[in-house]
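Listed here are the chains, written in short residue letters.
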Amino acid sequence: CAGETGEVSIYNQNNELLFKKEHRIQYKKDFIKLNVFIEHEKIGNQKYTAVLNNITGETNIDNNSFSFYVDVVDNRSKILLLSDFTHPDISAIRSVLDKYDNLQVKFSNSEDFLISSEDYDLIVPFFLSNEKVIERLDRSNIPLLLFVNKQSLISLNELYNIGKVSAGANVIEVVPFYNKNFASFNVSDKLSNYFNSLPPLHSLRGTYNKSITADVLMYQNLNSQQIRNPLIIVDKFLDRRIGVVYGEGIWRWKINDNMDKIIHKNFNECFINIFNYLLIKEDKDRFRVVYEREINEDENIKFRAMYYNDNFELNNSKDVMHTIMNDQSENITFKFIQKDSIYHLDVGFLPVGDY
């Protein structure tokens, strides 16, 4: 084929051309590798077909096209930064979030938030004392990352009473003390070394309540003496994920992150780990079906299903029917087999197609 021109095209499931590129074949045997970037317009299993044009004199053209599937999921998360004041801590946090395309970040004050009806996956209050906003946050079950200071002490004590602080007006400087027993996400050696070299935060002097389910990332260290007051925690409280930074001035942590060639690498790693923990979406569906999204034509098609009662205990006492529809809108109905507290279904082979 040396001297011939190969043309590669990609079509979607509606046979619309999405990509086309020519390649001049230089050798008798040539290997061509292309990187193709396609924007997906729909969520779910999307079918694409790659086609190579026929070369002069080619006798076998059956393998000149190939169909494949991409399972498109929407993993974007909407995050709201909520504050009635501007502060460099807000900019420091936003700089972390803006690095990730799957995180959509918006800033709002109390008045705008009360007007807005948008849904968010995470809300980050900074300087907040508006009682109506606090009531609205309290009624929701949206995960929170709380930053504690004089202006936000009311919101902490209302939204996370089990971790409240009884404090006066005194503000003290504390440096972080990394808790080696922290287990909610992995902390690299470089990150733990970074924790132990951080400048102080301004924290409130007072009595700190501690949740027994909270995982403490850092404790407060005052005048070279570790005190058992938490500095950063994550918790899952009443099915709501909550993080708390009991201090002000994390912008200093960012500008002092110069341990690596990549500026702010450790600061970004610390807080993106916290955000990832808070953004975990747990499957609370009581009926779940597990199966392969793409199956070869010589493989049996199998399903497993689990049903959970009100106490989330496995229960398979009820009959479950399962209907499969092909691309001609023809239905085939099967009955699950009850075994070992869950449901099993093996439908064997089906003709090649979309179901």
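Residues numbered from 1 in each chain as written. Predicted model: local features only at pLDDT ≥ 70, side-chain atom pairs only at ≥ 80, totals over all residues. Heavy atoms only, no water.

**Section: the sheet that holds strand β19 (residues 342–348)**
Working definition: the strands of a sheet are paired by backbone hydrogen bonds and lie parallel or antiparallel to each other. The 4 strands are arranged β14-β15-β19-β18 in an open sheet whose pairing can be described as antiparallel. Of all strands in the sheet, those with a lone pairing partner are β14 (287–290) and β18 (337–339), marking the two edges. Within the sheet, the average angular offset between the axes of one strand and its neighbour, ignoring direction, is 25 degrees. In this structure, strand β15 (residues 301–307) lies alongside β19, joined through 5 bridges in antiparallel fashion. Bridge pairing in β19 links Phe303 to Leu345. (Pairing = 2+ DSSP bridges. Helix = DSSP H or I, 4+ residues; strand = E, 2+ residues; numbered from the N terminus. Axes fitted to C-alpha atoms, helices over the stretch in contact; angles between N-to-C directions.)

**So, the pairing of strand β8 (residues 144–147)**
On β8, burial covers both faces: Leu144 and Leu146 on one face and Leu145 and Phe147 on the other are all buried. Direction of pairing for β8 relative to strand β13 (residues 240–245): parallel, over a ladder of 4 bridges. What sits directly across from Phe147, in β13, is Val245. (Buried < 20%, exposed > 50% of the residue type's maximum accessible area, 1.4 Å probe, protein only.)

**Considerations on the pattern of salt bridges**
Enumeration over the complete set of coordinates arrives at 6 salt bridges. The salt bridge involving Lys106 is made with Glu118; its shortest N-O contact spans 2.7 Å. Highlighted residues: Lys106 in strand β6 (residues 103–108) and Glu118 in the loop between α2 (110–115) and β7 (122–125), separated in sequence by 12 residues. Its relative accessible area of 33% is what places Lys106 among the partly exposed residues. A relative accessible area of 33% means that Glu118 is categorised as partly exposed. In this structure, the salt-bridge partner of Lys281 is Asp121, at a minimum N-O distance of 3.6 Å. Of this pair, Lys281 sits in the loop between α7 (265–278) and β14 while Asp121 sits in the loop between α2 and β7; the two residues are 160 residues apart in sequence, bridging distant segments of the chain. In this structure Lys281 comes out as exposed when scored by relative accessible area, which is 56%. Through salt bridges with shared partners, one network takes in Lys78, Lys106 and Glu118. (Salt bridge = Lys/Arg side-chain N within 4 Å of Asp/Glu carboxyl O.)

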